[in-house]
Amino acid sequence: AIFGDATDLKYSTWKAQLVCEHTTFQGHVDCSAMTCARDAIFVNTRFDSDRSVEFSDAGFGGDLRCKSAVFKGPVSFKGLRCDGAGGFQNTTFMSLKVDYQYSSFGGDLDLRGAYFAGRVRLARVSTRNRLRLGASFFGGEVELSGSEIGILELIDANYPISRDALRARIMDEQGEERS
């Protein structure tokens, strides 16, 4: 499917899954404050506009899967609540601004193989399991300040981490803070 100028899903409610695989959005996409009882799937989806894509304050009862997606413009996941995992494996973020601030994940936040052209704000992110950054590329600063992360997985990552990243809380499998 191809969506033209603008797609407004703000405040919408999905009682099951939202599936947009192999979909192209050519304009602004607003999914802010959207709720989905289960998974939202944007696998192999293109967000081809220089205009923003908003997932701010959205809530998902399952996973948010954006594997192999392409985001051309700025993206905000600020305040997103996901009971499951956030899957962004092999996703391309071409904008200099990607914001995950204050988002929470009941599973992993998986950014393995993702390409970020610019700065990524992961400040105050909460993930019960792992923040997976393996084989990712970050063209700008990665901000992790104030985050609560189960396990930080950095295998083969290429990134500059901000000095405030040391303020993130890393937890072990039993939920105990590690030094």
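For the structure itself, look to the data block above.
All figures in this text were calculated on a predicted structure; none of them were measured in a lab. (Residues numbered from 1 in each chain as written. Predicted model: local features only at pLDDT ≥ 70, side-chain atom pairs only at ≥ 80, totals over all residues. Heavy atoms only, no water.)

A.B. asks: Explain the overall build of the protein chain to me, please; I cannot follow it from the model alone.
C.D. replies: From N to C terminus, the protein chain includes zero helices and 28 strands. Here the protein chain, with 179 residues, has 51% of them falling under the buried criterion. Excluding contacts between residues fewer than 6 apart, the proportion of contacts in the protein chain whose partners are at least 24 apart in sequence is 19%. Element-wise, carbon and sulfur atoms account for 45% of the exposed surface of the protein chain, whose accessible area totals about 8500 Å². (Helix = DSSP H or I, 4+ residues; strand = E, 2+ residues; numbered from the N terminus. Buried < 20%, exposed > 50% of the residue type's maximum accessible area, 1.4 Å probe, protein only. Contact = heavy atoms within 4.5 Å. Areas by Shrake-Rupley, 256 points an atom, 1.4 Å probe, with all protein chains shown as cover.)

A.B. asks: What is the right way to read the environment of Arg 130 from this model?
C.D. replies: In this structure, Arg 130 sits in strand S23 (residues 126-132). Taking the relative accessible area as the measure of exposure, Arg 130 reaches 28% and is therefore partly exposed. Sequence-wise, Arg 130 and Ile 151 are 21 residues apart; in three dimensions their C-alpha atoms are separated by 4.5 Å.

A.B. asks: Looking at this structure, how should I read the environment of His 28?
C.D. replies: Residue placement: His 28 occurs in strand S6 (residues 28-30). Separated by 23 residues in the primary sequence, His 28 and Asp 5 place their C-alpha atoms 6.8 Å from one another. Among residues more than four places away in sequence, those in contact with His 28 are Asp 5, Ala 6, Thr 7, Ser 49, Arg 51, Ser 52 and Glu 54. Polar contacts involving the side chain of His 28 include one to the main-chain carbonyl oxygen of Ser 52, which spans 2.9 Å. (Polar contact = N/O pair within 3.5 Å; in protein donor to acceptor, adjacent residues only side chain to side chain.)

A.B. asks: Hey, could you run me through the packing of aromatic side chains in this one?
C.D. replies: Ring pairs (aromatic) are described by centroid distance and by the angle formed between their planes. Applying the stated criterion across every chain, the model contains 15 aromatic pairs. Seen from their ring centres, Phe 25 and Phe 47 are 5.2 Å apart, and the 5 degrees between their planes marks the pair as stacked. Taken as a pair, Phe 25 in strand S5 (residues 24-25) and Phe 47 in strand S9 (residues 46-47) lie far apart in primary sequence, 22 residues in all. When its relative accessible area of 3% is taken as the criterion, Phe 25 is described as buried. A centroid spacing of 4.7 Å and a plane angle of 15 degrees characterise the contact between Phe 77 and Tyr 100, whose relative ring orientation is stacked. Remark: Tyr 100 occurs in the loop between strand S18 (97-99) and strand S19 (104-105) and Phe 77 occurs in the loop between strand S14 (75-76) and strand S15 (81-82); sequence separation between them is 23 residues. In this pair, the class of Phe 77 matches that of Tyr 100, namely buried. Put simply, the rings of Phe 3, Phe 25, Phe 42, Phe 47, Phe 55, Phe 71, Phe 77, Phe 88, Phe 93, Tyr 100, Phe 116 and Phe 138 touch in pairs and so form one group of aromatic residues. (Phe/Tyr/Trp six-rings, centres within 6.5 Å; stacked < 30°, edge-to-face > 60°.)

A.B. asks: Please clarify how the sheet that holds strand S22 (residues 119-121) should be interpreted in this entry.
C.D. replies: The strands making up a sheet are joined through hydrogen bonds of the backbone, oriented either antiparallel or parallel. Taken in spatial order, the seven strands line up as S2-S6-S10-S14-S18-S22-S25 in an open sheet, and their pairing is parallel. Whereas interior strands pair on both sides, the edge strands pair on one side only; in this sheet they are strand S2 (6-8) and strand S25 (142-143). Bridge analysis of S22 against S25 gives two bridges, and the strand direction is parallel. Considered in S25, the bridge of Val 120 is made with Val 142. (Pairing = 2+ DSSP bridges.)

A.B. asks: I would appreciate a short explanation of the side chain of Thr 23 in the present structure.
C.D. replies: The topology assignment puts Thr 23 in the loop between strand S4 (18-19) and S5. Given a relative accessible area of 5%, Thr 23 falls into the buried group. From its side chain, Thr 23 meets the backbone oxygen of Cys 20 in a polar contact 3.1 Å long.

A.B. asks: Whenever I open this one, the pairing of S23 confuses me. Can you help?
C.D. replies: Residues in a regular strand point their side chains to alternate faces of the sheet. Pairing of S19 with S23 involves two bridges; the strand directions are parallel. Paired with Ser 104 across the strands is Ser 126, a residue of S23. Pairing between strand S20 (residues 109-110) and S23: two bridges, direction parallel. Each residue of the ladder has a partner; that of Asp 110, found in S23, is Arg 132.

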